[in-house]
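# Residue-level structural notes
In case you want the letters, here they are:
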Amino acid sequence: DAGVTQSPTHLIKTRGQHVTLRCSPISGHKSVSWYQQVLGQGPQFIFQYYEKEERGRGNFPDRFSARQFPNYSSELNVNALLLGDSALYLCASYIGQGAYEQYFGPGTRLTVT
Amino acid sequence: QKEVEQNSGPLSVPEGAIASLNCTYSDRGSQSFFWYRQYSGKSPELIMSIYSNGDKEDGRFTAQLNKASQYVSLLIRDSQPSDSATYLCAVNMPTGGFKTIFGAGTRLFVKA
């Protein structure tokens, strides 16, 4: 079975621009979470979606938004990019229904210049 | 107090030794706990999950959970150079909805 997929792999944007990152979960997984990871730190929780509803939100500004589609894929949107948004953005999926093991995609490396 | 704390290391052990990695968490209501391994430049890879107090073994890995002490650990037996990586502790926090909080990770070096 295919694992979690993310696109694009790498992205370079300019301050003030908007970016959309995409994630497809493992087949059968109904939940997707988004994380931001900067060098030397653990992943920071941004959002969690289950069955297309937001179930959790981390301490990120409103410039960050996300949604989950009927096929359980997800998008993370970031508006008005700042230099500090440069990071590895990770998507993870899990089955739900009492099983919370999350499996990560390869990530999208975002560089803001 | 950080929600999930780990010793940043680095932890250096000789090949064949037992590596012991520790993690504490702040939310007493937490019910599910995970260990991930992350190689440089790669995404985290799930090693173990643990939901109940006590030990859980999977091959060379043993996760230990003590909810009363808000403590979770990972033991790696017969450590190999290929185990050299950053190990991340993750805790599902029930407060304020569903969120998973990761520690900053412990860097492990296994010397051949």
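These lines cover the structure that appears in this document, whether it is placed above or below. Model, not experiment: these values are computed from the prediction. (Residues numbered from 1 in each chain as written. Chains lettered and ligands numbered in written order. Predicted model: local features only at pLDDT ≥ 70, side-chain atom pairs only at ≥ 80, totals over all residues. Heavy atoms only, no water.)

### Notes on the sheet that holds strand 1 (residues 4-6) of chain B
All names here are of chain B. Using the following cut-off: Paired strands, in this sense, are two strands between which DSSP finds at least two bridges. Think of it this way: any DSSP run of H or I at least four residues long counts as a helix, any run of E at least two long counts as a strand, and we number them from the N terminus. Axis angles are defined between N-to-C directions and span 0 to 180 degrees, where every axis is a line fitted to C-alpha atoms and, for a helix, only to the segment in contact.
If you walk across this open sheet you meet the 5 strands as 1-3-8-7-6, and the pairing is antiparallel. Where the open sheet ends on each side, the last strands, each with one partner, are strand 1 and strand 6 (54-58). Pairwise comparison of adjacent strand axes, ignoring direction, gives a mean angle of 20° for this sheet.

### Structural notes on the interface of chain B and chain A
We apply this condition: In this description, contact between two residues means that some pair of their heavy atoms is separated by no more than 4.5 Å. The term buried area refers to how much accessible surface (probe radius 1.4 Å) is lost by two components on association, counted for both of them together. Each salt bridge in this description consists of a side-chain nitrogen of Lys or Arg and a carboxyl oxygen of Asp or Glu lying within 4 Å of one another. Here a polar contact means two N or O atoms within 3.5 Å. Within protein one must be a hydrogen donor candidate and the other an acceptor candidate, and residues neighboring in sequence count only if both atoms are side-chain atoms. Residue classes follow a fixed rule: Ala, Val, Leu, Ile, Met, Phe, Trp, Tyr, Cys and Pro count as nonpolar, while Asp, Glu, Lys and Arg count as charged, and any other residue, Gly among them, counts as polar.
Across the contact, 18 residues belong to chain B and 22 residues belong to chain A. Summed over both sides, the interface of chain B with chain A buries roughly 1500 Å², with 57% coming from carbon and sulfur. For the chain B face of the interface with chain A, the top three residues by lost area are B:S43, B:F98 and B:F102, together amounting to 34%. Between chain B and chain A we count 0 salt bridges in total. On inspection of chain B and its partner chain A, the count reaches 7 residue pairs in polar contact (both at pLDDT 80 or more). At the level of elements, strand 4 (32-38), strand 5 (45-50), strand 9 (85-93) and strand 10 (99-102) of chain B are the ones that each hand at least two residues to the side of chain B that touches chain A. Here the side of chain B that touches chain A gets 4 residues from one element, more than from any other, and that element is strand 4 of chain B. For the side of chain B that touches chain A, the class distribution of residues is 9 nonpolar, 8 polar and 1 charged.

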